[in-house]
Amino acid sequence: EPEVTQTPSHQVTQMGQEVILRCVPISNHLYFYWYRQILGQKVEFLVSFYNNEISEKSEIFDDQFSVERPDGSNFTLKIRSTKLEDSAMYFCATSTDPTDTQYFGPGTRLTVL
Amino acid sequence: AQTVTQSQPEMSVQEAETVTLSCTYDTSESDYYLFWYKQPPSRQMILVIRQEAYKQQNATENRFSVNFQKAAKSFSLKISDSQLGDAAMYFCAYRSAYSGNTPLVFGKGTRLSVIA
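A brief structural summary. Remember, it's a predicted structure, so these values are computed and weren't measured experimentally.

**Digging into the overall build of chain B**
Inference 1: The secondary structure content of chain B amounts to zero helices and 12 strands.
Inference 2: In chain B, the succession of α and β elements from N to C terminus is β-β-β-β-β-β-β-β-β-β-β-β.
Inference 3: Taking 13 Å as the expected radius of gyration for a compact globule of 116 residues, we find that chain B reaches 14 Å, a close match to that expectation.
Inference 4: A total of 116 residues make up chain B; the buried ones form 49% of that total.
Inference 5: In chain B, once contacts between residues fewer than 6 apart in sequence are set aside, the share between residues at least 24 apart is 55%.
Inference 6: With an accessible surface of roughly 5,500 Å², chain B has 46% of that area assigned to carbon and sulfur atoms.
Inference 7: Charged side chains in chain B number 11 positive and 10 negative. The centres of these two groups are separated by 5 Å.

Structural data, given as structure tokens:
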């Protein structure tokens, strides 16, 4: 069964450094999402993406964040200058269309020291 | 904005017994989707079941079923014949059907323990 994959599984970085989290969607999926989950809290929406454009973003997704699909397969989330409070699990999700179920990747655990 | 409330932070169930997890939501929309996701210790988010609001029939997936009460804005998950592998965090989620690429709105989750 096709799966969403994410790399790395765990990223440790120093405050102020840039990180790039990568997601490979299921091959026929065209709608992409990033969510994050701070330890012990609920899953929060960051951004949705379709046709090489951001569709919707939350207030969490400020100027420090960006997304792109650089090569037609990977879908990336970049955090330009990480803060301690960016430490969280970051999930990529994808779907075939806006009404379809979103399938989640295994997540990337980001630790900012 | 839509909100999802899971009033039970923790639940426990004996193996082979049945347990029901509660979820309520607040929305002014009439067309939407509801989901239950399971998050085991690995922290992967796994879809358990999905319900379309326009369907009156409750969704079922093997041992998992929902009780969808649209007027009451309630969407509970029933797990029958509970197994040790069912132990996980369970998140209820809402998604609007009206605009294009809408995100999921999650509740805070219910941690389910299964006792052997």
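After that view, the rundown keeps rolling.
**Let's talk about the interface of chain B and chain A**
Where interface size is given, it is often the accessible area lost as the parts come together that is meant.
Inference 1: Contact residues are listed per partner, giving 20 residues for chain B and 27 residues for chain A.
Inference 2: Both sides together, the interface formed by chain B and chain A hides about 2,000 Å², and carbon and sulfur atoms give 51% of it.
Inference 3: Linking chain B with chain A are zero salt bridges.
Inference 4: Remark: the boundary between chain B and chain A carries 10 residue pairs in polar contact (both at pLDDT 80 or more).
Inference 5: Elements that contribute at least two residues to the side of chain B that touches chain A include exactly strand E5 (32-39), strand E6 (46-52) and strand E10 (88-96) of chain B.
Inference 6: If you tally residues by element for the side of chain B that touches chain A, the top one is E5(B), at four residues.

**Some details on the pairing of strand E9 (residues 88-95) of chain A**
Residue and element names in this part refer to chain A.
Inference 1: For E9, the tally of buried residues reaches eight of eight residues, placing the bulk of the element in the interior.
Inference 2: Of the two faces of E9, both are covered, the one formed by Ala 88, Tyr 90, Cys 92 and Thr 94 as well as the one formed by Met 89, Phe 91, Ala 93 and Ser 95.
Inference 3: With seven bridges connecting them, strand E4 (residues 31-37) and E9 associate as antiparallel partners. Opposite Gln 37, over in E9, you have Met 89 as the bridge partner.
Inference 4: In the sheet, E9 pairs with strand E11 (residues 108-112) via three bridges, with the strands oriented antiparallel. Of the residues in E11, the one forming a bridge with Ala 88 is Leu 110.

**Description of the pattern of salt bridges**
Inference 1: Summed over all chains, the structure comprises four salt bridges over all chains.
Inference 2: Between Glu44(A) and Arg36(A) there is a salt bridge, and its shortest N-O distance comes to 3.4 Å.
Inference 3: The class of Glu44(A) is partly exposed, set by a relative accessible area of 24%.
Inference 4: In this structure Arg36(A) comes out as buried when scored by relative accessible area, which is 10%.
Inference 5: For the salt bridge of Arg50(B) with Glu52(B), the shortest nitrogen-to-oxygen distance reads 2.9 Å.
Inference 6: Among the charged side chains, a salt-bridge network with shared partners connects Arg50(B), Glu52(B) and Lys55(B).

Rules and cut-offs
Residues numbered from 1 in each chain as written. Chains lettered and ligands numbered in written order. Predicted model: local features only at pLDDT ≥ 70, side-chain atom pairs only at ≥ 80, totals over all residues. Heavy atoms only, no water. Helix = DSSP H or I, 4+ residues; strand = E, 2+ residues; numbered from the N terminus. Rg over C-alpha atoms; globule rule 2.2 N^0.38 Å. Buried < 20%, exposed > 50% of the residue type's maximum accessible area, 1.4 Å probe, protein only. Contact = heavy atoms within 4.5 Å. Areas by Shrake-Rupley, 256 points an atom, 1.4 Å probe, with all protein chains shown as cover. Lys, Arg positive; Asp, Glu negative; His and termini not counted. Charge placed at Lys NZ, Arg CZ, Asp CG, Glu CD. Buried area = accessible area lost by both parts, 1.4 Å probe. Salt bridge = Lys/Arg side-chain N within 4 Å of Asp/Glu carboxyl O. Polar contact = N/O pair within 3.5 Å; in protein donor to acceptor, adjacent residues only side chain to side chain. Pairing = 2+ DSSP bridges.

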